[in-house]
Amino acid sequence: MRKKIALIGGGQIGQILAMLAAQKELGDIVILDVPDYVNVCKGKALDLMEMAPHGNYDASITATSDYKDIAGADVVIVTAGKPREAGMTREDLLNVNIKIITEVANGVKQYAPKAFCIIVTNPLDAMVYVFHKVTGFPKHQVIGMAGTLDTARWRAFIAMELGVSVADVAGTVLGGHGPDMVPLPRLTTVGGVPLTEIASPEQIDRLVTRTREAGTEIVKLFGKGSAFFSPAWSAIVIAESYLKDKRRVLPCAALCEGEYGVNGLFIGVPCLISAKGMEKIFEIKLTEEEKAQFQKTVASVTKTVSECKI
Ligand code: A3D
């Protein structure tokens, strides 16, 4: 029997998620959205079914506004919410999206209590916290997608700056999904060569800043709405690692209980994603400077989470 993937939210990211999940034949796909938008989602689902003969995939793709239809889903990816728009901070979205995520969490808890849940809605670190609180799911079952995207951006910018293949750039970005996230130049390599040996300090500073501001750079270009291709791919990479037990090590917002000196907070850390879900958090020995940066991002996430009053 095919796996089942429930996409909560069929907007910009949701539609790309559906396309990628279908192309990768990850399973049958159900898109859930609000009643006002469900016909558009039904149209997207039908369009994707009609793409299948050329896309060479077998999958059932449907849309609904009824949580009953996500029953038994293996993976749930949540993009339901309002996107950040120009001039709007992630924190502005907080109150609107808390309400949405609470409703989503209750629906998922009732109909797909065993699903591995990947949260994408912003402000990410707070929304994954709220989802986890409301569902009460074990920590291995709930993850926030942010570091996977932030790291993709970091790698992409390095490849663009140095004129090298992105396939050879390895690195990681820790912390919250905000302007004080922590790219780690010290641990980034290009074909095994340390980044710090082939890029100047000025170049590295520029790359760090661009990565931290990457979401905003796209929001400014769009004028309305936020990035969708790269966030969708990033969530699919996590889902695929779970469904195929690929055991990828990906930076995700995971519930830390002592790791990195953090307690009871979801924050971006390197995670082993296996058939068990978020199987393990890897700890990195940080330098004093990196620790200070990490504490700053933890303080930001703590502030946002405390504003959730949950
Ligand atoms: P958008 O195209 O607006 O899609 C959101 C969808 O959610 C819409 O189709 C809405 O109708 C739907 N929706 C709203 N309320 C509900 C509800 N109660 N139940 C079900 N569906 C609902 O946005 P998008 O796809 O561009 O972005 C989705 C979210 O991802 C936003 O919160 C973005 O800020 C966030 N985002 C996160 C990242 C990260 O890296 C974490 C990156 C980019 C975007």
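No experiment lies behind these values; they were computed from the predicted model shown. Numbering of residues starts from 1 in each chain and follows the order in which that chain's sequence is written. Whole-chain, interface and lining totals are the exception, using all residues; otherwise, since this is a predicted model, local features are given only for residues with pLDDT of at least 70 and side-chain atom pairs are given and counted only at 80 or more. Computation of side-chain values: all heavy atoms of the structure, hydrogens and water removed.

Caption draft 1: Highlighting the layout of surface pockets. Taken as a whole, the second largest pocket spans an internal volume of roughly 530 Å³. Of the grid points, spaced at 1 Å and generated over the protein atoms alone, those admitting a 1.4 Å probe that cannot get out make up cavities, while open sets with protein on both sides within 12 Å along at least five of seven lines make up pockets; any residue with an atom within 4 Å of a point is treated as lining. If you trace the second largest pocket, you find 25 residues lining it, with T148, T151, A152, R155 and S234 closest to the centre. Listing elements by their share of the lining of the second largest pocket, those giving two or more residues are α5 (147–162), α8 (214–222), α9 (229–243) and β12 (248–257). In this description a helix means any DSSP run of H or I spanning at least four residues, a strand means any run of E spanning at least two, and both kinds are numbered starting from the N terminus. Take the lining of the second largest pocket: its biggest share by element is seven residues, from α5. When residues are sorted by character, Ala, Val, Leu, Ile, Met, Phe, Trp, Tyr, Cys and Pro go into the nonpolar class, Asp, Glu, Lys and Arg into the charged class, and all the rest, Gly among them, into the polar class. The class makeup of the residues in the lining of the second largest pocket is 13 nonpolar, six polar and six charged. Grid points are joined across faces, edges and corners, and a volume is the space filled by probe spheres set on the points.

Caption draft 2: Fine view of the side chain of T188. With respect to the secondary-structure elements, T188 resides in the loop between β9 (182–183) and β10 (189–190). Reaching out from T188, the side chain makes a polar contact with the side chain of W154 at a distance of 3.1 Å. Here, residues are in contact when the closest pair of their heavy atoms is within 4.5 Å. Setting aside residues up to four positions removed in sequence, T188 forms contacts with W154, I158, V169, A170, G171, T172, V193, P194 and L195. Throughout this description, a polar contact denotes any pair of N or O atoms lying within 3.5 Å of each other; where both atoms belong to protein, one of them has to be capable of donating a hydrogen while the other can accept it, and for residues adjacent in sequence the pair is counted only when both atoms sit in side chains.

Caption draft 3: Here's a closer look at the environment of F294. Counting through the fold element by element, F294 comes out in helix α10 (residues 288–308). Classification of F294 as buried rests on a relative accessible area of 4%. In sequence terms F294 and Y260 are 34 residues apart; their C-alpha atoms lie 8.8 Å from each other. Not counting residues within four places of it along the chain, the set of residues in contact with F294 comprises L174, G175, V182, Y260, V262, I267, G268, V269 and L286. Partly exposed describes any residue whose relative accessible area lies between the buried limit of under 20% and the exposed limit of over 50%, with all areas from a 1.4 Å probe on protein chains only and scaled to the type maximum.

Caption draft 4: Inspection of the environment of T151 at higher detail. Looking at the element boundaries, T151 is found in helix α5. By relative accessible area, T151 is classed as buried at 6%. Every residue in contact with T151, bar those within four places of it in the chain, is listed here: G171, T172, V173 and P251.

Caption draft 5: Quick peek at the nonpolar core. In this structure, I8, V76, I77, I118, F131, I143 and I273 are the most contacted members of the largest nonpolar core, which totals 93 residues. All the domain ranges listed were derived from an automatic or database domain assignment. Looking at which domains feed residues into this core, each of domain 1 (4–146) and domain 2 (147–306) supplies at least three. Contacts of I143, omitting those with residues within four sequence positions, involve F116, C117, I118, I119, V128, I238, C252, A253, A254, C271, I273 and M278. Throughout this description, the term nonpolar core refers to a set of buried Ala, Val, Leu, Ile, Met, Phe, Trp, Tyr and Cys residues connected via side-chain atoms within 4.5 Å.

Caption draft 6: Broad picture of the packing of aromatic side chains. Within 6.5 Å between ring centres, the rings of Phe, Tyr and Trp (the latter by its six-membered ring) count as paired, and their orientation is classed by plane angle as stacked under 30 degrees, edge-to-face over 60, tilted in between. Tallied over the entire structure, the rule returns five aromatic pairs. Ring plane angle 70 degrees and centroid distance 6.3 Å describe the contact between F131 and F137, whose orientation is recorded as edge-to-face. Residue class for F131 comes out buried when judged on its relative accessible area of 0%. Look at F137 and you get buried, because its relative accessible area is 7%. Judged by centre distance (4.7 Å) and plane angle (40 degrees), the ring pair of F228 and F229 falls under tilted. In this structure F228 comes out as buried when scored by relative accessible area, which is 14%.

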